[in-house]
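The residues making up each chain are set out below.
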Amino acid sequence: MIFGSARIDERGKISGGKAGSQTAKEISTQKAYVYKGGWDVCIRIKDKKKREKFINFMKWACSTSLVGYDQSQRWTLNHELKRLDYNYTRLDKKCECDCSSLVSCGLIVAGFKKINPLNTTSTLEDDIRSKYPKDFTFFTKNYKNGDHTKIIKWQRNGDILNKVAHHVGAILSGGRVNTVKKAPKHYDGVFPKLPKRGYFKKGDKGLEVKRLQNLLIWAGYPLKQYGADGDYEDETVEAVNEFMRDCGFKKINGMFGKKSLAHAKKLKR
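Now for a look at the structure at hand. (Residues numbered from 1 in each chain as written. Predicted model: local features only at pLDDT ≥ 70, side-chain atom pairs only at ≥ 80, totals over all residues. Heavy atoms only, no water.)

Overview of the overall build of the protein chain
On a plain count of helices and strands, the protein chain comes out with seven helices and 10 strands. Against the compact-globule benchmark of 18 Å for 269 residues, the protein chain has a radius of gyration of 29 Å, which places it well outside the compact range. Judged by the C-alpha coordinates and their principal axes, the protein chain covers about 90 × 40 × 30 Å. Within the protein chain, the proportion of its 269 residues that are buried is 44%. When contacts within the protein chain are restricted to residue pairs at least 6 apart in sequence, those whose partners lie at least 24 apart make up 62%. (Helix = DSSP H or I, 4+ residues; strand = E, 2+ residues; numbered from the N terminus. Rg over C-alpha atoms; globule rule 2.2 N^0.38 Å. Buried < 20%, exposed > 50% of the residue type's maximum accessible area, 1.4 Å probe, protein only. Contact = heavy atoms within 4.5 Å.)

What follows is the structure, given as structure tokens:
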């Protein structure tokens, strides 16, 4: 994962340097790491669009020469952004920030207008919690389902990592992808209506056969050669046989009837 933050001025000091980035390292990216003793909190923006806006701002800040590091002039980044209604792409004047004012400005750019642009690492979490409690998720050291503060593994792009009185930045790329699976659902198509005899067999044709074929395809029995063509021929017969075997039927005859339909209505995928 790649971590972006405001780090140090061109002389390796916290203040007194020239405006803007002199070394391309004052505001920059590096391989994500765990701060000594662990980060205090991992803060996640819930809204995907706002998270992307925050990431884009942070990436821009890490690549432009217009923004440098200086704790004594940390207010100047917000001053210039506010003048431009936070349209950072229009910035044309060199300015300064530190790690916490950079992240705070990024949150304002993302749409969280009430955030204090001059937060410190000591005030940032409380400021977000008090003003936007429903818009963020907070993973602290006590979070049980994956340690977001001591292991670089569980974070997603846009996650803010904060260490009180020390440092703050954000994951900008390489973050964990949301792998939450959707709950299986019943078939939401139209189930076939069985013919009067009570079952489909080879040679049948028509709309109801086509509905049966669509059901089979959804259930995981692809009709690769002809698809749902409305003809109950060899390919459909074999798909029905496979379905019956998977259902545990003792009699495998290629005929789709009441028992097969009942099983199909119980399926979830």
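Continuing now.
Regarding helix α5 (residues 207–218)
Along its 12 residues, α5 runs 17 Å from first to last C-alpha, staying within 8% of the 16 Å computed at 1.5 Å per residue. Its buried side turned inward, α5 meets β9 (199–200), α6 (234–247), β10 (256–257) and α7 (258–266). A positive backbone phi angle near 105° is found at G220, which sits one or two residues after α5. (Expected span 1.5 Å × (residues − 1).)

What to know about the nonpolar core
If you look at the biggest cluster of nonpolar residues, it comprises 41 residues, and the most contacted ones within it are I27, F54, F57, L77, L102, L107 and F136. If one sorts the elements of this core by residue count, helix α3 (residues 99–110) sits on top with eight residues. Ignoring any residue separated from it by four or fewer positions in sequence, one finds F136 in contact with I43, R44, I45, K46, L107, F112 and I128. (Core = buried A, V, L, I, M, F, W, Y, C linked by side-chain atoms within 4.5 Å.)

Looking at the packing of aromatic side chains
Going through the model one piece at a time under the given rule, you end up with 15 aromatic pairs. A ring pair is formed by Y187 and F191, whose centres lie 5.2 Å apart and whose planes are at 75°; its orientation type is edge-to-face. Centre to centre, the rings of F243 and F256 are 6.0 Å apart; their planes meet at 35°, and the pair counts as tilted. Here F243, found in helix α6, pairs with F256, found in strand β10; they are 13 residues apart in sequence, far enough to count as distant. Neither residue differs from the other here; F243 and F256 are each classed as buried. Through a chain of ring-to-ring contacts, three or more aromatic side chains come together here, namely F3, Y33, Y35 and W39. Between the NZ or CZ atom of K50 and the centre of the ring of F112, over which it lies, the distance is 4.7 Å. A cation sits over an aromatic face here: R129 above F138, 3.9 Å from the ring centre. (Phe/Tyr/Trp six-rings, centres within 6.5 Å; stacked < 30°, edge-to-face > 60°. Lys NZ or Arg CZ within 6 Å of the ring centre and 35° of its normal.)

A short note on α3
For α3, built from 12 residues, the straight-helix expectation of 16 Å at 1.5 Å per residue is met to within 8% by its first-to-last C-alpha distance of 17 Å. Burial within α3 is extensive, with 12 of its 12 residues counted as buried. Within the span of α3, buried status applies to C99, S100, S101, L102, V103, S104, C105, G106, L107, I108, V109 and A110. Just downstream of α3, G111 is the residue with a positive phi angle, here 120°.

Some points on unusual backbone geometry
Positive phi, normally seen in glycine, also occurs at A24, with a value near 70°. Inspection of the secondary structure assignment puts A24 in the loop between β1 (2–6) and β2 (27–31). Of the residues examined, A24 reaches a relative accessible area of 58% and is grouped as exposed.

What to know about the packing of α6 against α7
For any two helices packed against each other, the geometry is given by the interaxial angle and the distance between the axes. Running from amino to carboxyl end, α6 crosses α7 at an angle of 70°, the nearest separation of the two axes being 11 Å. As the angle between them shows, α6 and α7 are arranged roughly perpendicular. Residues F243, M244 and C247 of α6 pack against S260, H263 and A264 of α7. Broken down by class, the residue content of the contact of α6 with α7 amounts to four nonpolar, two polar and no charged. (Axes fitted to C-alpha atoms, helices over the stretch in contact; angles between N-to-C directions. Parallel < 35°, antiparallel > 145°, perpendicular 65-115°, else oblique. Nonpolar A, V, L, I, M, F, W, Y, C, P; charged D, E, K, R; others polar.)

Section: the pattern of salt bridges
When the charged atoms of two side chains lie near each other, side chains of opposite charge can form a pair. Per the stated rule, a full pass over the model turns up 14 salt bridges. Between D159 and R44 there is a salt bridge, with the nearest N and O atoms lying 2.8 Å from each other. With D159 in the loop between β6 (136–140) and β7 (160–163) and R44 in strand β3 (residues 41–45), this residue pair connects regions lying 115 residues apart in the sequence. Taken individually, D159 and R44 each receive the classification buried, so the pair is uniform in this respect. One salt bridge in this structure joins K131 and D127, with 2.7 Å as the shortest N-O distance. Taken together, the residues span about one helical turn, with K131 and D127 both in helix α4 (residues 124–131) at a distance of four residues. Each of E80, R83, D92 and K93 takes part in one network of salt bridges that share partners. (Salt bridge = Lys/Arg side-chain N within 4 Å of Asp/Glu carboxyl O.)

Quick notes on the environment of G12
Here G12 shows up in the loop between β1 and β2. Relative accessible area serves as the criterion here: at 52%, G12 is assigned to the exposed category. Each C-alpha atom of the pair G12 and Y69 lies 9.9 Å from the other, and the pair is 57 residues apart in sequence.

As far as function goes, none of this settles anything; it's purely spatial.
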